[in-house]
Amino acid sequence: MAIDFTFTEEQEFFRQTVRDTVNRLILPKAAELDEKEEFPWDLWKEFAGLGYLGLRHEERYGGMATDTISQMIFYEELARGSCGFAMSVIMQILMGTYFISRFGNEEIKQRILVPAIKGEKIGTICFTEDQSGSDLGGTRTLATKVDGGWRINGRKQWITNGPIADFATVMATVDPKLGLKGLNFYLVERKTETRDGFVPGQKLHKLGSRCSVTGEVVLDHVFVPDENFLGEEVGKGVQYAGDILNEVRV
Ligand SMILES: Cc1cc2nc3c(=O)[nH]c(=O)nc-3n(C[C@H](O)[C@H](O)[C@H](O)COP(=O)(O)OP(=O)(O)OC[C@H]3O[C@@H](n4cnc5c(N)ncnc54)[C@H](O)[C@@H]3O)c2cc1C
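Residues numbered from 1 in each chain as written. Predicted model: local features only at pLDDT ≥ 70, side-chain atom pairs only at ≥ 80, totals over all residues. Heavy atoms only, no water.

Caption draft 1: Quick look at the site of the ligand. Around the ligand sit Met 87, Met 91, Ile 125, Cys 126, Phe 127, Thr 128, Gly 133, Ser 134, Trp 158, Ile 159, Thr 160 and Lys 206, and those are all the residues in its vicinity. The side chain of Thr 128 places a nitrogen or oxygen atom 2.6 Å from a nitrogen atom of the ligand. Against a free-state accessible area of 970 Å², the protein chains account for coverage of 41% of the ligand. Taken together, the elements giving at least two residues each to the shell around the ligand come down to helix H5 (83-93), strand E1 (123-126) and strand E3 (149-160). Looking at the shell around the ligand element by element, the count peaks at three residues for E3. (Near = heavy atom within 4 Å. Polar contact = N/O pair within 3.5 Å; in protein donor to acceptor, adjacent residues only side chain to side chain. Areas by Shrake-Rupley, 256 points an atom, 1.4 Å probe, with all protein chains shown as cover. Helix = DSSP H or I, 4+ residues; strand = E, 2+ residues; numbered from the N terminus.)

Caption draft 2: Highlighting the nonpolar core. Ranked by size, the top nonpolar core spans 53 residues in total, and within it Phe 47, Phe 74, Leu 78, Phe 85, Val 89, Phe 99 and Phe 127 carry the most contacts. Residues lining this core come from more than one domain, with at least three contributed by each of domain 1 (9-118) and domain 2 (123-249). Among residues more than four places away in sequence, those in contact with Phe 47 are Thr 21, Leu 25, Ile 26, Tyr 52, Phe 74, Leu 78, Phe 85 and Val 89. (Core = buried A, V, L, I, M, F, W, Y, C linked by side-chain atoms within 4.5 Å. Buried < 20%, exposed > 50% of the residue type's maximum accessible area, 1.4 Å probe, protein only. Domains from an automatic or database assignment. Contact = heavy atoms within 4.5 Å.)

Caption draft 3: Region of interest: the domain arrangement of the protein chain. Each assigned domain of the protein chain is listed here: domain 1 (9-118) and domain 2 (123-249). Computed over C-alpha atoms only, the centres of domain 1 and domain 2 are separated by 22 Å. On the side of domain 2, 33 residues touch domain 1, which itself brings 34 residues to the contact. Both sides of the domain 1 and domain 2 interface together cover about 2,900 Å² of buried area, and 65% of this is carbon and sulfur. The largest per-residue losses of area from domain 1 upon contact with domain 2 belong to Glu 37, Met 95 and Phe 99, which jointly make up 26% of the total buried on that side. Inspection of the region where domain 1 meets domain 2 yields four salt bridges. Here Arg 56 makes a salt bridge to Glu 247, at a shortest N to O gap of 2.9 Å. Counting across the interface, domain 1 meets domain 2 through eleven residue pairs in polar contact (both at pLDDT 80 or more). At the level of elements, helix H2 (30-36), helix H4 (68-81), H5, helix H6 (95-103) and helix H7 (106-118) are the ones that each hand at least two residues to the side of domain 1 that touches domain 2. Take the side of domain 1 that touches domain 2: its biggest share by element is eight residues, from H6. Split into classes, the residues belonging to the side of domain 1 that touches domain 2 amount to 18 nonpolar, nine polar and seven charged. (Buried area = accessible area lost by both parts, 1.4 Å probe. Salt bridge = Lys/Arg side-chain N within 4 Å of Asp/Glu carboxyl O. Nonpolar A, V, L, I, M, F, W, Y, C, P; charged D, E, K, R; others polar.)

Written out as structure tokens, the structure is:
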């Protein structure tokens, strides 16, 4: 059976709209953004106001619920303007909010997903550690079950948006000896005076894509309540990771 690769009229219109926005808002300052190596807050707010951060999320949370092809068109056009800015935006749309949108309860979605789609809260995902990158089975960050929740201890690195994130989806193991079978995801918010949470570690300097800030995330025996466990059952984390990594790698 032949596959039709032509874009629909709506998709072509969408591409042109995104292209015009990128030409107007991003391209004129792309070089300057990377030279500064700072997160471009003004651009972020302006961009978030256009609604694109909700590209793949449900309309009832403020999303656009667009089709996958339109999402790919958006990522392509955005990265044409600035790879660095695209990294931060795509993190927010995909990995940073995926687990909350799939497994978070209604309270979490209202408190975190809705502001994330508006660009008011910034999210990230934490897989990587000093001893594990592609090899997720080498994850050492430990999640221990305690009364009413979990205690998470470890250190993540190379985290996109890490230095500025309000919330993170953290991969941790219930037992390093279990390898891939011990992995799960947890919602962890940034530490405040009244709430336990992660602390951003050192910011890492890069040669390219520099306006996307990257750094360490430190989890010092952080307590998270049971509802922050993002999954259906313990040990299925690697399966969920596969679901979203397939989409991200496209
Ligand atoms: C700019 C930037 C942003 C990032 N943002 C995030 C983030 O937000 N969150 C996060 O968790 N991580 C993030 N990362 C980390 C990224 O996901 C890891 O770099 C990636 O998983 C690869 O891990 P590694 O660097 O340890 O390389 P390794 O896993 O050590 O791989 C090194 C090389 O060995 C090859 N290799 C690995 N295993 C095998 C094997 N079994 N057989 C054959 N070849 C193999 C790989 O293909 C690669 O070429 C980021 C990295 C960068 C550079």
